[in-house]
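Single-letter residue listing:
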Amino acid sequence: MHLFGINLLAVLVAAISTMVVGFLWYSPMLFARPWTILMGYNPDDKAALAEMQKDAGKSYGIAFVLSLMSAVVLGKIIQIATVNAVLYGMKTGFAVWLGFVTTVQATSVLFAKKPFKLYAIDTGYQLVCYVVMGAILAAWPR
């Protein structure tokens, strides 16, 4: 199924990939503890973390819809540029991240006076997401 020349199944898989990357990136295995501290939470306060997790379902749902939107736009860029190789899809994802995503995140961090380490964790996640989405969207048969 296609919309505006974009394979919708590829968009769905690309959006799901961002959730998988996020679950790993922000897991205790990788950056959960430093991210939690940098966000101003005590990772050892189980009650506060449980309270924060109660509202997570809605946030995950909204994040997924936003990932779908990102995948559609990236998919359209890849389609217009006639990118059909994984490496070039990854490069396109990197270029979109570099030109639009990380710059907006950096500006937000600067004016909110948030720690650079928090920016590095969050923009690193976005970098991996865009590179993975680019690979999926470029490799998927049109």
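Residues numbered from 1 in each chain as written. Predicted model: local features only at pLDDT ≥ 70, side-chain atom pairs only at ≥ 80, totals over all residues. Heavy atoms only, no water.

Caption draft 1: The arrangement of the side chain of T18 in detail. Locating T18 in the fold gives a position in helix 1 (residues 8-25). A distance of 2.8 Å separates the side chain of T18 from the side chain of S67, its partner in a polar contact. Excluding anything up to four places from it in sequence, T18 contacts S67, Y125, C129 and M133. (Helix = DSSP H or I, 4+ residues; strand = E, 2+ residues; numbered from the N terminus. Polar contact = N/O pair within 3.5 Å; in protein donor to acceptor, adjacent residues only side chain to side chain. Contact = heavy atoms within 4.5 Å.)

Caption draft 2: Quick look at the packing of aromatic side chains. Tallying each qualifying case throughout the model produces six aromatic pairs. Summarising the aromatic geometry, the rings of Y26 and W35 are spaced 5.5 Å apart at their centres and angled 70° between planes, so their arrangement reads as edge-to-face. With relative accessibility at 25%, the residue Y26 sits in the partly exposed group. Given the relative accessible area of 21%, W35 is considered partly exposed. (Phe/Tyr/Trp six-rings, centres within 6.5 Å; stacked < 30°, edge-to-face > 60°. Buried < 20%, exposed > 50% of the residue type's maximum accessible area, 1.4 Å probe, protein only.)

Caption draft 3: A look at the environment of L74. Examined against the element boundaries, L74 turns out to sit in helix 4 (residues 56-80). According to the relative accessible area criterion, L74 is buried, its value standing at 2%. C-alpha of L74 to C-alpha of R33: the two residues are 41 residues apart in sequence and 31 Å apart in space. Residues within four places of L74 in sequence aside, it is in contact with T92, G93, V96, Y130, M133, G134 and L137.

Caption draft 4: Highlighting the pattern of salt bridges. Applying the stated criterion across every chain yields a total of one salt bridge. One salt bridge connects D44 with R33, and the closest N-O pair in it is separated by 3.3 Å. In this pair, D44 is assigned in the loop between helix 2 (32-38) and helix 3 (46-54) and R33 in helix 2, connecting sequence segments 11 residues apart. (Salt bridge = Lys/Arg side-chain N within 4 Å of Asp/Glu carboxyl O.)

Caption draft 5: Main features of the packing of helix 5 (residues 86-112) against helix 6 (residues 116-139). Following both chains from N to C, one finds helix 5 and helix 6 inclined at 150°, their axes separated by 7 Å at the closest point. Relative to helix 6, helix 5 is oriented roughly antiparallel. Of the two possible hands of crossing, helix 5 and helix 6 adopt the one that is right-handed. On the side of helix 5, the interface is formed by V86, G89, M90, G93, F94, V96, W97, V101, T102, Q105, A106 and V109, while helix 6 contributes Y119, D122, T123, Q126, L127, Y130, V131, G134, A135, A138 and A139. Among the residues forming the contact of helix 5 with helix 6, the class breakdown is 15 nonpolar, seven polar and one charged. (Axes fitted to C-alpha atoms, helices over the stretch in contact; angles between N-to-C directions. Parallel < 35°, antiparallel > 145°, perpendicular 65-115°, else oblique. Left-handed = near helix turned anticlockwise from the far one by under 90°. Nonpolar A, V, L, I, M, F, W, Y, C, P; charged D, E, K, R; others polar.)

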